[in-house]
Amino acid sequence: MGVANVRLPGSDEQRRVFVRAILNDLQALEHMIDNDWFETDVMRIGAEQEMCLVDRDTFKAAPVNLKVLEGLSEYPWADTELAKFNLETNMTPRVFTGSAFSDMQKEVDQHLATIEKLANKENAAVLLTGILPTLRKFDLEESNLTPMPRYKALMKAINSHKLDPSYAIRLKGIDELSVTHESPLIEAANTSFQVHLQVTPAEFVKMYNISQALTGPIMATAANSPLVFGRRLWHENRIALFQQALDTRRTQNHMREHSARVSFGKSWINESILDIYREDLARFRLLLAADIDVDSLAQVRNKEVPKLLALQVHNSTVYRWNRPCYGISDSGKPHLRIENRVLPAGPTTIDEIANAALWLGSMIGMSNRIDDVRDHMSFEDASDNFSKAAQFGLDSKFNWFGDGKITAKDLLVSEIIPMAREGLVAKGIDSGDIDKYMGIVEERSKRLCTGARWQLKSFTQLREHVTRDEALSNITSSMLNNQKLKIPVHEWPFPDPDSLVTYSPSKLKVEEFMDTDFVTCGPDDLIDLISEMMDWRQLRYVPVEDKEGKLSGLITAPLLLRYHVRKNHLDESTKASIREIMLTDPITIGPSASIVEAMEIMRTRKIGGLPVVKDGELIGMITVLNLLQVTGRLIKQLENQPKQ
């Protein structure tokens, strides 16, 4: 966030004071740009690595970041993230030339190795992925918020702007997810590899617009976030999840447009970096403020370079996927950067650096080829490409220069990657690094094998043999193993159903293995209809729910058998309803109960089906078959273990 002592805006007077400080910062920035204060003789690159901490036994999120950070106190590059199961490390800014990329990879690897050793002491491991496959909805409750004032202030600020107390997440891919959540901490599901490029004020407009144009194809080959709560959705779910997690807007019965705080933008920029800062101040109310004890305009008048703290606080709460950044170099001169926030974490550090090299190289390559990207494509096409890439990854078909249509694979292989090579050569990047990193992106694109595709295919194959939870655990375990090998994702083998030898489901909660796609009936449905349905689908239990989704009862196969025997003997009506025979007070279980509790209830009560109920609402179903899937896999694992 840049500034640690942030707080809620407070009273109207405090709000006005802080807005005045932002306006002063904007005027100071304009003065520095107009009077050539900025560093222009060097171009640097940098990166921020976000990561997940996962339990080494269960492969679930491990909320131990503060314990890990205790051992990192001597390292200024280590920092917290929003959730207790996330960490961030910052790379050293380096001149964009020579061995910059291989040096950056060495630094990332060194940081991760240091963190891994400390995480292991807490029985945790470091995983690089856009969204943790095993992440559960309850992992994103505010009890997992990293307990720091700036994060608490951000959560309160977002909630205070929300008219609806819940956050709706709606995504559709192979599967569909439509769920509400109580906390904006759902933002913490996303982890990324953020890359920075230093640009001059004179080149900022040109370079920023190029970055917007390149976002779609770059994201298509970098996608690594296809699974959310065990659902196969977009190739890069971070895009939609982040926007929906921080969306304070509400639906209305009129057509007025309101901008989302997380966005790609609405148009090209035309004049300077100030276009973005001014628009963001005009469109978005303050979420956070800070006590600013310096006057940036007074500093400028005294020939001092200001930090523009007020502007940075507001900029940190408007989440553009290509974000403008202001900073001060070690030379004491101010500089401008473009921060690419689109790239996900992982699948490996070599993949991440390849993605960074692709974006940075193509930025330079395109800027050397053309004067103004606005002459070659519309902003609407760039925005459309961004949306397509998030949803479909390398399966996208893009709008490109001259109203052309081209597949993501062909665009990358025939245009973007060669252009990136040109840019890297122009910056004097070592030829070995160019060949290595561009070769990785090219091979990945040709094979159509991104991290997203690997996860999707792995999950689909595993689900033919194992439960959803075991499939997700197996994928996460395989990702950890492959990352240690440091081989790019297009060379990863697909996981075998029997390879997860440490799977231990005994601590699973009911909501992690219950069926959520099941047949129900209403109390007024015909008994004969439900009998046929249960026969067609080989069901032994069907919950009865009312129009509000509340559990009304339960139909079992023995109940139907008794009914039909009686009907045949007594020649009863064939128009009887479910209400007449259903169990009106069935035994139920809550979603937070453990799998062991569910098994014990079913054993002692001699029942084979348990409706899962929360606040009276039917949310899932557990049957003996669910438990057999788990126990059957455990028995097989025991058989496969080597004998002592």
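First things first, this report covers the structure right here in the doc. Keep in mind that what you see is a predicted model, and the values were worked out from it rather than measured.

**Considerations on the nonpolar core**
With 183 residues, the main nonpolar core has Leu29, Phe96, Phe101, Leu197 and Ile622 as its most contacted residues. In this structure, Ile530, Met534, Ile581 and Met582 belong to the second largest nonpolar core, which totals 15 residues.

**Examining the packing of aromatic side chains**
In total, this model carries 14 aromatic pairs according to the counting rule given. Note on Phe38 and Tyr326: the rings are 6.3 Å apart at their centroids and 80° apart in plane angle, and the pair reads as edge-to-face. Remark: Tyr326 occurs in strand β15 (residues 322–328) and Phe38 occurs in the loop between α1 (12–34) and β2 (44–55); sequence separation between them is 288 residues. Of the two residues, Phe38 and Tyr326, neither departs from the other in class, the shared state being buried. The interplanar angle of 35° and the centroid separation of 5.0 Å between the aromatic rings of Tyr75 and Trp77 together place this pair among those described as tilted. In textbook terms, an aromatic cluster arises when at least three aromatic residues are bridged by ring pairs, as seen for Phe242, Phe264, Trp268, Tyr319, Trp321, Phe379 and Phe386.

**Quick word on the pattern of salt bridges**
Side chains carrying opposite charge are able to pair once their charged atoms draw close together. The final tally for this structure, using the stated rule, is 26 salt bridges. Between Asp79 and Arg150 there is a salt bridge, with the nearest N and O atoms lying 3.5 Å from each other. Highlighted residues: Asp79 in strand β3 (residues 78–80) and Arg150 in helix α4 (residues 149–160), separated in sequence by 71 residues. Put simply, Glu279, Asp280, Arg283 and Arg320 are held in one network by salt bridges that share partners.

**Regarding the side chain of Thr80**
For Thr80, the location among the structural elements is in strand β3. There is a polar contact of 2.9 Å between the side chain of Thr80 and the side chain of Tyr151. Setting aside its immediate chain neighbours within four residues, Thr80 contacts Leu66, Leu69, Leu87, Glu88, Thr146, Met148, Arg150 and Tyr151.

**Concerning helix α3 (residues 100–121)**
Because an α-helix completes one turn every 3.6 residues, residues spaced three or four positions apart along the sequence face the same direction. Between its terminal C-alpha atoms α3 stretches 32 Å, which fits the 32 Å expected from 22 residues at 1.5 Å a residue. One or two residues past the end of α3 sits Asn123, with phi positive at roughly 60°.

**Observations concerning unusual backbone geometry**
The omega torsion of the bond from Gly346 to Pro347 falls at 0°, within 30 degrees of zero and hence cis. On the secondary structure map, Pro347 appears in the loop between β16 (334–340) and α10 (349–369). Even without being a glycine, Leu308 presents a positive backbone phi close to 55°. The residue Gln538 is not glycine, and still its phi comes out positive at about 55°. As for its position among the elements, Gln538 is in the loop between α17 (527–537) and β19 (541–545). Taking the relative accessible area as the measure of exposure, Gln538 reaches 65% and is therefore exposed.

Quick notes on the rules
- Residues numbered from 1 in each chain as written.
- Predicted model: local features only at pLDDT ≥ 70, side-chain atom pairs only at ≥ 80, totals over all residues.
- Heavy atoms only, no water.
- Core = buried A, V, L, I, M, F, W, Y, C linked by side-chain atoms within 4.5 Å.
- Buried < 20%, exposed > 50% of the residue type's maximum accessible area, 1.4 Å probe, protein only.
- Phe/Tyr/Trp six-rings, centres within 6.5 Å; stacked < 30°, edge-to-face > 60°.
- Helix = DSSP H or I, 4+ residues; strand = E, 2+ residues; numbered from the N terminus.
- Salt bridge = Lys/Arg side-chain N within 4 Å of Asp/Glu carboxyl O.
- Polar contact = N/O pair within 3.5 Å; in protein donor to acceptor, adjacent residues only side chain to side chain.
- Contact = heavy atoms within 4.5 Å.
- Expected span 1.5 Å × (residues − 1).

The analysis is restricted to geometry; functional conclusions fall outside its scope.
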